[in-house]
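# Understanding the architecture of this molecule
Residues per chain are reported as follows:
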Amino acid sequence: MATVAAELRKIRDKVEAGQRLTFEDGMTLEASNDIFTIGELANIVRERYNGNFGYYNVNTHINPTNVCVYKCDFCAFRADLDDKRAYTMDRDQIIERAKQAHDRGATELHIVGGLHHKLPFQYYVDVVKWVKEAAPEIHVKAYTGVEVEWFVKIDRKPIRDILQALIDAGLGSLPGGGAEIFHPEVREQICGAKANTETWLEVHRTAHQLGLKSNATMLYGHIEKAQHRIDHLMRLRELQDETGGFQTFIPLAFHPDHSRMDEIPKPSGVMDLKTMAISRLMLDNFPHIKAYWVMLGIKIAQVALKFGADDLDGTVVHETIYHAAGAETPQEISVKEIRRLIAETGREPVERDTLYHKVERSEGSWRAGDAIKVTALAGVGR
Ligand code: V47
Ligand code: SF4
């Protein structure tokens, strides 16, 4: 039996040669606690894709309703229809938030929420329209694969037609939520009622065919095991080989507070950094890996820029999903602070828009510049 250290040396050779890692390689990385080596290897891939750039964007979240027909075990955000906490935003509230975001220089609105028992699909289409009316230049990144599956159910139309109606309303891309853990051994236990793995992947496949970019996530640090995480990454890598439509992968650390899994401890810093790095190494065809500071905490997110991540997400205002589950991070960090955090790691801070164009700002306005190109190293990816 080769030792884990010897196996890691083989993985180093593969990474340096730009060769694809196997499921077994992923399990070897999971079994190792040599986080320096794993981080160093992830950094090779990270710099191959993104050089020394450290990206961030200026965005705001809108969660139009917290009422949800499903009861995922990890979710502290959802409410029943008759719950005191239940809310649904109307046209004026959505427009006000979009205008506020615009006035504060946001280039993106991230819109996701619950699957309301009674709202028709038209409401979700209107949310996109209202935002675009109020702030036409803002990019709307909205609705997870799970929400799109719900729209298919309530509007009795195929995925393609649902996505097309949202695109016609102004949808710009899909966020990565709802992926959780694809392996049925876990998915059925923690969120068995909502869109299954095949449907989530089919929504993203169809979105890519329609020309939309999308993101993908993985919720880790609960009941899943190493093999489930590696399986999850392999399934995403396979779809990305087929479509090339994913931009960014975001590992999401589980926050247990106020959820039905509140007896599980939060993932440790070592797990956060290892999961980031292993994601970077396994997803050799994803251009970006995001360290979402809201859930990782600002300190781990900053260090993650040396463990495979190239993006800190946004300055984020009005985040509720994690804060409902006990996230202790602030609701917002300033551009100055996010740039300082990136620069302190030796990276060059770059403001990007949702589709990774460099944002150029002048007094009170902004415009999307050219696509960001890494010139330091030829050849992206493997
Ligand atoms: O799908 C819910 C997760 C996701 C909890 O695409 C929880 O750029 C941890 O997907 N603890 C929604 N996680 C958020 C999301 C996201 C976030 C940032 C950027 C992007 C992007 C996407 O939040 C859900 C679920 O996986 N979640 N509850 C919890 N207690
Ligand atoms: Fe509903 Fe989403 Fe929460 Fe699941 S994670 S209960 S689908 S709001």
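For the structure, check the block above.
Residues numbered from 1 in each chain as written. Chains lettered and ligands numbered in written order. Predicted model: local features only at pLDDT ≥ 70, side-chain atom pairs only at ≥ 80, totals over all residues. Heavy atoms only, no water.

### What about the environment of Arg 260?
Stated formally: Strands here mean DSSP runs of E at least two residues long; helices mean DSSP runs of H or I at least four residues long; both are numbered from the N terminus. Any pair of residues with heavy atoms lying within 4.5 Å of one another is described as a contacting pair. Polar contacts, as counted here, are pairs of nitrogen or oxygen atoms within 3.5 Å of one another; within protein the pair requires one atom able to donate a hydrogen and one able to accept it, and residues that are adjacent in sequence qualify only if both atoms are side-chain atoms.
Mapped onto the secondary structure, Arg 260 falls in the loop between strand 7 (246-253) and helix 11 (269-282). Considered as a pair, Arg 260 and Cys 75 are 185 residues apart in the sequence and their alpha carbons are 7.5 Å apart. If we ignore the near neighbours within four places in the chain, the residues touching Arg 260 are Lys 71, Cys 72 and Asp 73. Of note is the side chain of Arg 260, whose polar atom sits 2.3 Å from the backbone oxygen of Lys 71.

### Some points on the site of ligand 1
Note the following rule: Throughout this document, a residue counts as near a molecule or strand when at least one of its heavy atoms sits within 4 Å of that molecule or strand. Accessible surface is estimated by sampling points in the Shrake-Rupley manner with a 1.4 Å probe; for residues, cover comes only from the protein chains shown. Each residue gets one of three labels, nonpolar for Ala, Val, Leu, Ile, Met, Phe, Trp, Tyr, Cys and Pro, charged for Asp, Glu, Lys and Arg, and polar for the others, Gly among them.
Near ligand 1 lie 21 residues; those nearest to it are Lys 141, Gly 176, Gly 178, Glu 180 and Lys 290. In the model, an oxygen atom of ligand 1 is placed 3.1 Å from a nitrogen or oxygen of the Asn 215 side chain. Residue Lys 290 places a side-chain N or O atom 2.7 Å away from an oxygen atom belonging to ligand 1. In the complex, 96% of the free accessible area of ligand 1, which totals 620 Å², lies under the protein chains. Put simply, the parts of the chain that give the shell around ligand 1 at least two residues each are strand 6 (213-220), strand 7 and helix 14 (321-324). Of the residues contributing to the shell around ligand 1, the split by class is eleven nonpolar, seven polar and three charged.

### Describing the packing of aromatic side chains
Our working rule: Two rings belonging to Phe, Tyr or Trp (six-membered ring only in the last case) form a pair when the distance between their centres is within 6.5 Å. Interplanar angles under 30 degrees mark stacking, angles over 60 mark edge-to-face geometry, and anything in between is tilted. Think of it in three bands: with a 1.4 Å probe and only protein chains considered, a residue is buried below 20% of the maximum accessible area for its type, exposed above 50%, and partly exposed in between.
Counted according to the given criterion, the structure contains 13 aromatic pairs. Relative to Tyr 356, the ring of Tyr 55 has its centre 5.5 Å away and its plane inclined at 85 degrees; by these criteria the two rings are edge-to-face. With a gap of 301 residues between them, Tyr 55 in strand 1 (residues 53-57) and Tyr 356 in the loop between strand 10 (348-351) and strand 11 (357-362) connect regions that are remote in the sequence. Owing to a relative accessible area of 2%, Tyr 55 belongs among the buried residues under this scheme. A residue is classified by how much of its surface remains accessible, and Tyr 356, at 6% relative accessible area, is buried. Taken together, a centroid distance of 6.0 Å and an interplanar angle of 75 degrees make the contact between Tyr 70 and Trp 150 edge-to-face.

### Quick word on the site of ligand 2
Around ligand 2, the structure places Cys 68, Tyr 70, Cys 72, Phe 74, Cys 75, Phe 77, Arg 78 and Lys 194. Taken together, the residues of the shell around ligand 2 break down into six nonpolar, no polar and two charged.

### A look at the sheet that holds strand 8 (residues 288-289)
The cut-off we apply is this: At least two DSSP bridges between two strands are required for those strands to pair.
Read from one edge of the open sheet, seven strands run 2-3-4-5-6-7-8, paired in parallel fashion. Unpaired on one side and paired on the other, strand 2 (59-62) and strand 8 mark the two borders of the sheet. In the sheet, strand 6 pairs with strand 7 via seven bridges, with the strands oriented parallel. Paired with Thr 217 across the strands is Ile 250, a residue of strand 7.

### Concerning the packing of helix 6 (residues 145-155) against helix 9 (residues 197-209)
Selection rule: Each axis is a line fitted through C-alpha atoms, taken for helices only over the stretch in contact, and angles between the N-to-C directions span 0 to 180 degrees. Any angle from 65 to 115 degrees is called roughly perpendicular, while one under 35 is roughly parallel, one over 145 is roughly antiparallel, and all others are oblique.
At a closest axis distance of 9 Å, the pairing of helix 6 and helix 9 adopts a crossing angle of 95 degrees. Of the possible angle classes, the one that applies to helix 6 and helix 9 is roughly perpendicular. Listed contacts from helix 9 to Gly 145, Val 146, Val 148 and Glu 149 of helix 6 are Thr 199, Trp 200, Val 203 and His 204. Of the residues that constitute the contact of helix 6 with helix 9, the class distribution is four nonpolar, three polar and one charged.

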